[in-house]
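These are the residues of each chain, in order.
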Amino acid sequence: MEFDTIAAISTPPGEGAIAIIRVSGDQAVEIGDRLYRGKNKLQAVESHTIHYGHLYQPEQDVKIEEVMVSVLRAPRTFTREDMIEINVHGGVVSADRILQLVLSQGARLAEPGEFTKRAFLNGRIDLSQAEGVMDMIRAKTDRAMNVAMKQVEGRLAGQIKRLRQQLLEGIASVEVNIDYPEYDADAVTLQHLLEQIHAVDREIDELLQTAKQGRILREGLATAIIGRPNVGKSSLLNTLVQDARAIVTDIPGTTRDVLEEYVNVNGVPLRLIDTAGIRETEDVVERIGVERSRQALQDAELILLVFNANEPLTKEDQALIEASRGFETIVVLNKMDLERRLDREQLTEWIGDVPVITTSFLQEEGINELEQAISQRFFHEGVEAVEMNYVSNTRHIALLNQAKASIAEAKSAAEAMMPVDMVQIDVTRAWEQLGEIVGETAPDQLIDQLFSQFCLGK
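The structure presented is a predicted model; accordingly, all values stated were derived computationally and were not measured.

**Student:** Just checking my understanding: could you explain the overall build of the chain for this structure?
**Tutor:** Counting secondary structure elements, the chain contains 16 helices and 13 strands. For the chain, buried positions account for 51% of its 458 residues. Entry remark: accessible area of the chain is about 22300 Å², with carbon and sulfur atoms responsible for 49%.

**Student:** What am I meant to see in the packing of helix H14 (residues 394-415) against helix H15 (residues 420-438) here?
**Tutor:** Packed helices, taken two at a time, are described by the angle between their axes plus the distance between the axes. Contact pair H14 / H15: the axes reach a minimum separation of 8 Å and the direction vectors enclose 170°. When the interaxial angle is binned, H14 and H15 end up roughly antiparallel. Across the interface between the two elements, Arg-395, His-396, Leu-399, Leu-400, Gln-402, Ala-403, Ser-406, Ile-407, Glu-409, Ala-410, Ala-413 and Ala-414 of H14 pack against Val-423, Asp-426, Val-427, Arg-429, Ala-430, Gln-433, Leu-434, Glu-436 and Ile-437 of H15. Tallied by class, the residues present in the contact of H14 with H15 amount to 12 nonpolar, 4 polar and 5 charged.

**Student:** Mind showing me how you'd approach the packing of aromatic side chains here?
**Tutor:** Two aromatic rings are characterised by how far apart their centres lie and by the angle between their planes. In this structure the tally under the stated criterion is 0 aromatic pairs. Its guanidinium or amino end placed over the ring of Phe-115, Arg-22 lies 5.3 Å from that ring's centre, counting from NZ or CZ.

**Student:** Can you walk me through the pattern of salt bridges in this structure?
**Tutor:** Side chains that differ in sign of charge can pair as their charged atoms come close. All told, the structure shown has 22 salt bridges when counted by the stated rule. The salt bridge involving Arg-162 is made with Glu-203; its shortest N-O contact spans 2.8 Å. Taken together, the positions of Arg-162 in helix H6 (residues 155-179) and Glu-203 in helix H7 (residues 186-209) put the pair 41 residues apart, joining distant regions of the chain. Note on Glu-203: relative accessible area 16%, which makes it buried.

**Student:** Would you mind showing me how to read the layout of surface pockets here?
**Tutor:** Gaps between atoms show up when a probe of the same size as a water molecule is rolled over them. Of the volumes computed, that of the second largest pocket is approximately 320 Å³. Around the second largest pocket, the lining comprises 19 residues; the ones closest to its centre are Ile-9, Thr-11, Pro-12, Pro-13 and Gly-14. For the lining of the second largest pocket, the element with the most residues is helix H2 (residues 92-104), which contributes 4 residues. Taken together, the residues that form the lining of the second largest pocket break down as 11 nonpolar, 6 polar and 2 charged.

**Student:** Sorry if this is basic, but what is going on with the side chain of Asn-308 here?
**Tutor:** By the secondary structure assignment, Asn-308 is in strand E11 (residues 302-308). Polar contacts involving the side chain of Asn-308 include one to the main-chain amide nitrogen of Asn-310, which spans 2.8 Å. Setting aside anything within four residues of it in sequence, one finds Asn-308 in contact with Asn-230, Val-231, Asn-334, Lys-335 and Leu-342.

**Student:** Is there a simple way to think about the pairing of strand E12 (residues 328-334) in this case?
**Tutor:** Two faces, one strand: in a regular strand the side chains alternate between the faces of the sheet. Counting buried residues along E12, 6 of its 7 residues qualify, which places the element largely inside the surrounding structure. As defined by bridge partners, E11 adjoins E12 across 7 bridges and the pair is classed as parallel. In the sheet register, Ile-303 faces E12, and the bridge partner there is Thr-329. At this point the chain moves from E11, through helix H11 (residues 315-324), to the parallel E12, and the crossover so formed is right-handed. Of the strand pairs in this sheet, E12 and strand E13 (residues 356-358) are connected by 3 bridges, and their pairing is parallel.

**Student:** What exactly am I supposed to notice about the sheet that holds strand E7 (residues 108-109) here?
**Tutor:** Strand pairing in a sheet relies on backbone hydrogen bonds. The paired strands run either parallel or antiparallel. A sheet is described by the order of its strands in space; here 7 strands give the open sequence E3-E4-E5-E6-E2-E1-E7, paired in mixed fashion. At either margin of the open sheet sits one strand with a lone partner, and together these are strand E3 (36-38) and E7. When strand E4 (residues 49-57) meets strand E5 (residues 62-72), the two strands line up antiparallel, connected through 9 bridges. When the bridges of E5 are listed, Leu-55 appears paired with Glu-65.

**Student:** How do you make sense of H15 when you look at a structure like this?
**Tutor:** Count 3.6 residues to each turn of an α-helix, and residues three or four apart come out pointing the same way. Here H15 is 19 residues long and its end C-alpha atoms lie 28 Å apart, about the 27 Å a rise of 1.5 Å per residue gives. Looking only at H15, the buried set comprises Val-420, Val-423, Gln-424, Asp-426, Val-427, Ala-430, Gln-433, Leu-434, Gly-435, Ile-437 and Val-438. Positioned one or two residues after H15, Gly-439 has a phi angle of 90°, which is positive.

**Student:** Just to check I follow, could you spell out a nonpolar patch on the surface for this structure?
**Tutor:** On the surface, Ile-50, Tyr-52 and Met-68 cluster together to form a nonpolar patch covering roughly 280 Å² of accessible area. For Ile-50, the position within the fold is in strand E4.

**Student:** Just checking my understanding: could you explain the environment of Asp-317 for this structure?
**Tutor:** In this fold, Asp-317 is placed in helix H11. By relative accessible area, which is 2% here, Asp-317 ends up buried. Beyond its immediate chain neighbours, meaning those up to four positions away, Asp-317 contacts Arg-228, Phe-307 and Pro-312.

**Student:** Please explain the nonpolar core as it appears in this structure.
**Tutor:** Nonpolar side chains tend to gather and get buried jointly when the protein is soluble and globular. Among the nonpolar cores identified, the biggest contains 31 residues, and Ile-160, Ile-197, Ile-204, Leu-400, Val-423, Val-427 and Leu-434 are the most heavily contacted of them. If you list the elements that add at least two residues to this core, you get H6, H7, H14 and H15. With sequence-adjacent residues up to four places away left out, Ile-197 is seen in contact with Leu-167, Ile-407, Ala-410, Lys-411 and Val-427. Core analysis: the next-biggest nonpolar cluster, separate from the first, contains 26 residues, Ile-21, Ile-64, Val-67 and Ala-95 among them.

**Student:** Help me understand the environment of Val-332, please; the structure alone is not making it clear to me.
**Tutor:** Relative to the helices and strands, Val-332 resides in strand E12. For Val-332, a relative accessible area of 0% gives the class buried. Apart from the residues within four sequence positions on either side, Val-332 is in contact with Leu-304, Leu-305, Val-306, Phe-307, Ile-357, Thr-359, Phe-361 and Leu-370.

**Student:** Please clarify how the pairing of strand E1 (residues 6-9) should be interpreted in this entry.
**Tutor:** As judged from the 4 bridges shared by E1 and strand E2 (residues 18-24), these two strands associate in the antiparallel manner. Looking at the pairing, Ile-6 lines up with Ser-24 of E2. Relative to E7, E1 runs parallel, the two sharing 2 bridges. Its bridge partner lying in E7, Ile-6 is registered against Arg-108.

The rules we used
Residues numbered from 1 in each chain as written. Predicted model: local features only at pLDDT ≥ 70, side-chain atom pairs only at ≥ 80, totals over all residues. Heavy atoms only, no water. Helix = DSSP H or I, 4+ residues; strand = E, 2+ residues; numbered from the N terminus. Buried < 20%, exposed > 50% of the residue type's maximum accessible area, 1.4 Å probe, protein only. Areas by Shrake-Rupley, 256 points an atom, 1.4 Å probe, with all protein chains shown as cover. Axes fitted to C-alpha atoms, helices over the stretch in contact; angles between N-to-C directions. Parallel < 35°, antiparallel > 145°, perpendicular 65-115°, else oblique. Contact = heavy atoms within 4.5 Å. Nonpolar A, V, L, I, M, F, W, Y, C, P; charged D, E, K, R; others polar. Phe/Tyr/Trp six-rings, centres within 6.5 Å; stacked < 30°, edge-to-face > 60°. Lys NZ or Arg CZ within 6 Å of the ring centre and 35° of its normal. Salt bridge = Lys/Arg side-chain N within 4 Å of Asp/Glu carboxyl O. 1 Å grid on protein atoms, 1.4 Å probe; cavity = no way out; pocket = protein on both sides within 12 Å on 5 of 7 lines; lining within 4 Å. Points joined across faces, edges and corners; volume = space filled by probe spheres on them. Polar contact = N/O pair within 3.5 Å; in protein donor to acceptor, adjacent residues only side chain to side chain. Pairing = 2+ DSSP bridges. Right-handed = clockwise from strand over helix to strand, strands pointing away. Expected span 1.5 Å × (residues − 1). Patch = residues over 30% accessible without salt bridge, like charges linked within 9 Å, V, L, I, M, F, W, Y side chains within 5 Å. Core = buried A, V, L, I, M, F, W, Y, C linked by side-chain atoms within 4.5 Å.

Remember that the coordinates give geometry; whether it matters functionally is a separate question.
See below:
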């Protein structure tokens, strides 16, 4: 397999201490030598070493940048190709000027995710590991980073490949039976096949049991802060974010749109949505905000239902309680530093078996208890085992469910005493679906689409 030489800026755009231009391909080191002057030629140095020098404009012989150049030789590189990484002074102009210089010497601008795609195509990583790289970049908490790291290390891939091997052994026994029908071993073959698929089915179940927590870690838990105007919703958002993102006043209806922020709560990433207070209003702008709040309520996976302990419960409060039924809900009883006028017994009667956390955002009381309640709601004790493989990728979850459905079809066919080669068809389909997770049976269009989601230079 041959590729041309590609280059891209691998550091975020903007001002910084350094910027890195990454170059990969057969001509990477040669291109570097055309531009670089230092103690030694880059082609003469050892692999995995870094060298101080300057870059020159070849045609004019003009010094243009002071650099450190890393030389990495195939196959012990990220792409399994020769690579150089040029460390230049940070800044948009400096990095772009050096990139254009590299491109002028015969390299091509890399497509988004093309370095990681080459790592996959050259066999260094599989598709699930490549997706783990993207998840590491996007991780918003330590837990999410740990899950992505395990995926990059190939733990999930190893388990998937082992499951595929078990199915393959069952498929092979059927093929032998078909090739040597004189032995008439259908019953034995079917029994062996069923043993294999039952074992695989159990492991798929165990993986899918982690899917909810894994997806939350990867994408964040959509959390809507709901309540009447002026009960402390924006104060709750500001407290969790630890920044004054939302305007807080004593005037009802201050928040007129949906504010969205990511926040780390005990390792659980919350996609926190502060909504406009839900009430009947004649204000056109506020009414639009209220409608958006109702939509946010429908899309939420967790609802923080905020009440003002300094005010009696109202019909609007009761309507909000009814609207939140069927959702994961935590009631936040705020303003406990003021005189309590809310009837706690009436609240309990209305909400039923829903956790209640008492808080005073003004005095920063009850915040730790609220964060623990959120964490325990979704990550109860024992869920996050150190060695556990989490399934966090939506594509992986869908393929595991498809493989499980194919195995269920195989079981049904076996119970109906269908010929063993008919049962094998569904088992083979499950084997192929699991193969899509690691990229062994994935179509080219899917691979291109996945890598196009990466950032440029990765």
